[in-house]
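Results of the structural survey
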Amino acid sequence: MEPLQVIILGSGSSIPTAERNHAAIWIRHGGQVLLWDCGEGTQQQIRRAGLTPTKIDHIFITHWHTDHFAGLPGLLQTLKLEQRSRPLFIYGPEAHHYVSLLQPIFWKETPFNIEVQNIDHLNSQESTILQQENFIVSAIPVKHSIPAAAYALQEKNRWNIELSLAHRQGLEAGPLLKKLKQKESIHYQGKEINISDIAHLTPGRKIVYSGDTAPCPAVEKIAAGAHLLIHEATFLKESSEQHSSAEEAALTAFKAGVQKLILTHYSRRYDQQDIENMEQTLAHKYDGLTISAARDIQEISLPGST
Ligand SMILES: [Zn+2]
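About the cut-offs
- Each chain carries its own residue numbering, running from 1 in the direction its sequence is written.
- Per-residue local features are limited, in this predicted model, to residues with pLDDT of at least 70; the limit for side-chain atom pairs, both in listing and counting, is 80 or more; totals at the level of whole chains, interfaces and linings are taken over all residues.
- Domain delimitation in this document rests on an assignment produced automatically or drawn from a domain database.
- Here, strands pair whenever DSSP counts at least two bridges between them.
- In this description a helix means any DSSP run of H or I spanning at least four residues, a strand means any run of E spanning at least two, and both kinds are numbered starting from the N terminus.
- The axes are straight lines fitted to the C-alpha atoms, using for helices just the contacting stretch, and the angles between their N-to-C directions are given from 0 to 180°.
- Put plainly, a residue is buried at 20 or more neighbouring C-beta atoms within 10 Å of its own, exposed at 12 or fewer, and partly exposed in between, counting only other residues' C-beta atoms, which are placed from the backbone.
- By convention a crossover is right-handed if, when the strands point away from the viewer, the path from the first strand over the helix to the second runs clockwise.

Okay, the domain arrangement of the protein next. Here the protein is partitioned into domain 1 (4-157 + 203-300) and domain 2 (159-200). Summarising the inter-unit geometry, the C-alpha centres of domain 1 and domain 2 are found 40 Å apart.

Laid out in C-alpha cells, this is it:
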C-alpha cells in the first residue's frame, strides 16, 4: 500500500482563534499531495507542520467562503516565487468563476499552468473528478448557503500476489504475472488461472471530507463505508440550516458505516473542554465508531494503521 498521510492544518470555523486556524487538510498519497480547502493562514500552518507547499498538485475548495479559500492567493504567490513549473489543479463548485476573479488581482502570470475544474453543484450525483493510478477523488454537492461540495479519496483495491501460490500454478515473477494482475485471469498450460488463486485482495482505503454542510443524504452517500470521515461540527448540539452539530455529524457517520470520525470546524464559542466533553459523550453513544476532535497540525492515523 502507498503511504497515505492526513494532516489537519486548521480546525476552526469562520473566525479563527489562537488555537484553531481556518480550514485546510493536507493529504499525501504516495508521491502526490492534495489540499482540501485553503483557509487564511494555511501557508504558515504548512510550515509549522514541517511540510513543503511546492509539493501540492491538487487543491480542492469545498466552497468559496473566505474561511475555506482566503489562503489561496498567498499560497499561489509563494508557488510563483518558488518557480514551480508543474501544473496546478484547482477544483470547486463555480471554480472557474472564482479563480478568474482572483487571478488578475493576486497572481496574474504564473510560471506554471493552472488547470481549473468546476464541480457540478446542480446535479445531486456523486461524480469522479480526478483519476490517478492508485486512487480516485469524487465530489458531491452538499447543503450550505452557497454551492458547496464534499470530497472523497478512494484508493483502488489491490491484488497482492503470493509467490508461493504462483509457483504452485507453475508461474514465475515476470510478464505472465503482470498480465494476470491486469486481466485478472489467463489461460496457461491448458488451464485457466484466476488472480484470486494466487493473490489476496487488499481493499482500498477511503477518506471523506464534508466541507461546510447541514445534515443531508449526500454526505451519508459519499461517506458510505469510509475508513475516515472528517466532518464539520460548527456547533456541539444546535441544529442549523447551513452547518452541522457534532451530534448530527456523529449520526451521519454512524448511518454511513464510517470507521473513524474526526470532528472539525468548531465555532470559536467552544473551548477545548467543551469539545472534549462532547467527544466523550458521543463516543459512549456510538459504540464501534471511533470519534475524536481535530486539533491544528494533527496527523490522523487511519483505522488499521499503526
Ligand atoms: Zn466554514
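The discussion continues.
So, on to the sheet that holds strand S2 (residues 24-29). Strand pairing in a sheet relies on backbone hydrogen bonds. The paired strands run either parallel or antiparallel. The mixed open sheet is built from seven strands, whose spatial order is S6-S5-S4-S3-S2-S1-S18. Of all strands in the sheet, those bounded by a partner on one side alone are strand S6 (114-119) and strand S18 (298-300). Strand-to-strand twist of the sheet, defined as the mean angle between neighbouring strand axes without regard to direction, takes the value 20 degrees. Pairing geometry for strand S5 (residues 88-93) and S6, over six bridges, is parallel. Note on S6: the bridge partner recorded for Tyr-91 is Gln-117.

Turning to the sheet that holds strand S16 (residues 260-264), a few remarks are in order. The mixed open sheet is built from seven strands, whose spatial order is S7-S8-S9-S14-S15-S16-S17. Here the strands that pair on one side only, and so sit at the sheet edges, are strand S7 (127-131) and strand S17 (290-293). Strand-to-strand twist in this sheet, taken as the mean axis angle between neighbours without regard to direction, amounts to 20 degrees. With four bridges joining them, strand S9 (residues 149-155) and strand S14 (residues 206-209) adopt antiparallel strand pairing. Counterpart to Gln-154 in the pairing with S14 is Lys-206.

This brings us to the pairing of strand S15 (residues 228-232). Burial of S15 is extensive: five of the five residues sit out of reach of the surface. Here S15 shows two buried faces, one formed by Leu-228, Ile-230 and Glu-232 and the other by Leu-229 and His-231. Here S14 pairs with S15 via three bridges, running parallel. Note on S15: the bridge partner recorded for Val-208 is Leu-229. For the crossover from S14 across helix H8 (residues 217-222) to S15, the handedness is right-handed. Sheet analysis places S15 next to S16, joined by five bridges and oriented parallel. The partner of Glu-232 across the bridge, within S16, is Thr-264.

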